[in-house]
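Structure at a glance
Residue-level listing of the chains:
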Amino acid sequence: MDLLNRFRICFLFIFLAFQSGYGFYLPGSYPHKHQKGDFLSVKVNSITSIDTEIPFSYYSLPFCEPQGGVKDSAENLGELLMGDRIENSPYRFKMYTNETEIFLCRKDPLSADDFKILKKRIDEMYQVNLILDNLPAIRYTNREGFSLRWTGYPVGIKVEDSYYVFNHLKFKILVHKYEENNVARVMGTGDAADVNPPLENGGSDTPGYMVVGFEVVPCSIPHDAESVKNSKMYEKYPSAVKCDPSSVSMVIKEGQPIVFTYDVSFVDSDIKWPSRWDAYLKMEGSKVHWFSILNSLMVITFLAGIVLVILLRTVRRDLTRYEELDKEAQAQMNEELSGWKLVVGDVFRAPNNPALLCIMVGDGVQILGMAVVTIMFAALGFMSPASRGTLITGMLFFYMILGIAAGYVAVRLWRTIMCGDVKGWVSVSWRVACFFPGIAFLILTTLNFLLWGSHSTGAIPFSLFVILLLLWFCISVPLTLIGGYLGAKAPHIEYPIRTNQIPREIPPQKYPSWLLVLGAGTLPFGTLFIELFFIMSSIWMGRVYYVFGFLLIVLILLVVVCAEVSLVLTYMHLCVEDWKWWWKSFFASGSVAIYIFLYSINYLVFDLKSLSGPVSATLYLGYSLFMVLAIMLATGTVGFLSSFLFVYYLFSSVKLD
């Protein structure tokens, strides 16, 4: 209880700390108020493609470079792991100052290598990702009467056998005008006027502007390279530029220079700063999410009915009738017992490979706890897309901290199976700290070599590898050992009945038990496969996923279904005198990972048809394998712990000499 109370106090403290600092806007994104004429700088992120899933640096293509040279922006751990490489760009605007036909640069004639790589990136449908004031550039297109929105714009397009590059960008900056010079009033919290200091350059008489939208229209225009041979960056292009996004005309050829230009216009908008991310986070298909939850509730209700029948009618009735008999009658009844009552002397017999079971349960507790806490914080708005990489960074942080819980659960379960013997708890703790991270490290290292070979920005730098290893062995492992020490000191769970010295023979089964275990995974999969489509689309199709409220509900429902499925299957095995329930209860709910992996292959074949190359397919399958391994450990742990509590409750009510 003391540990639980401390956790609640720590959680409340963290919650209040975040609220006091970020109570009225999305974390990681502070409002910037600009005066008319202030310079706005555009940044560039890695170019990406849903055809290859391999990001590359923006400057790997023959684009214009800024006058002061290319400089990397500060990136957090999550951004680096996601493959983001944010750099400065030559695009520069003046706040609330419309400019047209701005000459950017004239690139040297395309070499054979540049021409080849540019054509390849156009074939692979790579997108350029620009960022202004922490807002990604958004592009609108019309198709069959519907308005579609995309983040970024394509490098170019192929028409018949010709390749065209988008060398003119038409920017539209949406700005909201503020007369107020106080953050609290700007954010709509005027009661905090005396708390927040005035913004920089925010005089009370001078109106300020905040960027609330960033749109781009790419065009392909055949500029005259000779006319700008002596022009300098940001000068006026000598002739009129007509941007027509419905036509392309700048054909790229080897040995031919490319001229880049841009326009920028500022438009007043009613969108306020806190709502500027709504265009990116519009929740599509909310009815589908609700249908997913309703579907899960129906499955849970069905399983809950079965569980209630087992507990209230069958088990409770048998126990009540058994307790009402006198000792002689009980002894006579013991000889006539059938079903689960026959395995009373073997049900707590140690399973095969008990150390591995403890290790997997410990890692499952750690992964499940990380998922619940991370999704909870994301649902509260603390891990918004405005703060790139926060979600991955938060997952790593919570995973390391929860190493204490992993070590504690694994070692205490080990002591319970060993009937209180403390011997070996250090070995169990150490293996808990290395089992899942070791497999993850092996998979990610293999995939990283593929990315290194492709010269992708998605490859983890060697320095980051060192940092991850230090986090693993200097933080995660010691915390897991501390948790193991606490588990070794805690009293083990004493079995309510003694285990016979000679194991009881399990009678031949009508159906193989592994068939029931595999089939049990279909029910948990049914609760999440709809939400799984949105998550997969977010990861592989470049869409923003921000319905963490729905995801939290689905996660809770998944935990309930896994517990119920494992409990019912464990009872079924005990009824046919199969007392080897330990591993079966784990894989009964953990087998949902098999169906998720099969769904991932289905998604690759039917939804990612354009995914090209063996490297891209290997990356997809490698990351999918890593994901399903984590899901198997988390769901299997839920099933095992619920079955253990059920068996303990069931046989603690049986009185035998």
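Focus: the sheet that holds strand β2 (residues 87–94)
Here four strands make up an open sheet; going across it, the order is β2-β1-β5-β6 and the pairing antiparallel. Of all strands in the sheet, those with a lone pairing partner are β2 and β6 (135–136), marking the two edges. Relative to β6, strand β5 (residues 130–132) runs antiparallel, the two sharing two bridges. Bridge pairing in β6 links Leu 132 to Leu 135.

Some remarks on the nonpolar core
Grouped together as the largest cluster of nonpolar side chains are 97 residues, with contacts concentrated most on Leu 574, Phe 640 and Phe 651. For this core, the leading source of residues is helix α15 (residues 548–575), giving 17 residues. Leu 118, Met 233, Val 264 and Leu 447 belong to the second largest nonpolar core, which has 56 residues in total.

Brief notes about the environment of Ser 643
Among the structural elements, Ser 643 can be located in helix α18 (residues 614–652). Overall, the relative accessible area of 0% leaves Ser 643 in the buried class. Between the alpha carbons of Ser 643 and Lys 584 there is a distance of 9.8 Å; along the sequence they are 59 residues apart. Residues in contact with Ser 643, not counting those within four places in the same chain, are Ser 566, Leu 567, Thr 570, Trp 581 and Ser 585.

Things to note about a nonpolar patch on the surface
A grouping of Trp 514, Leu 515, Leu 518, Ile 594, Leu 598, Ile 601, Val 605, Phe 606 and Leu 621 is seen on the molecular surface, where their side chains present a nonpolar patch of about 840 Å² in accessible area. Elements supplying a minimum of two residues to the nonpolar patch: α13 (513–520) and α17 (592–606). The dominant element in the nonpolar patch, judged by the number of residues it contributes, is α17, at five residues. When its relative accessible area of 54% is taken as the criterion, Trp 514 is described as exposed.

About the thresholds
- Residues numbered from 1 in each chain as written.
- Predicted model: local features only at pLDDT ≥ 70, side-chain atom pairs only at ≥ 80, totals over all residues.
- Heavy atoms only, no water.
- Pairing = 2+ DSSP bridges.
- Helix = DSSP H or I, 4+ residues; strand = E, 2+ residues; numbered from the N terminus.
- Core = buried A, V, L, I, M, F, W, Y, C linked by side-chain atoms within 4.5 Å.
- Buried < 20%, exposed > 50% of the residue type's maximum accessible area, 1.4 Å probe, protein only.
- Contact = heavy atoms within 4.5 Å.
- Patch = residues over 30% accessible without salt bridge, like charges linked within 9 Å, V, L, I, M, F, W, Y side chains within 5 Å.
- Areas by Shrake-Rupley, 256 points an atom, 1.4 Å probe, with all protein chains shown as cover.
- Salt bridge = Lys/Arg side-chain N within 4 Å of Asp/Glu carboxyl O.

Just distances and angles here, no functional claims.
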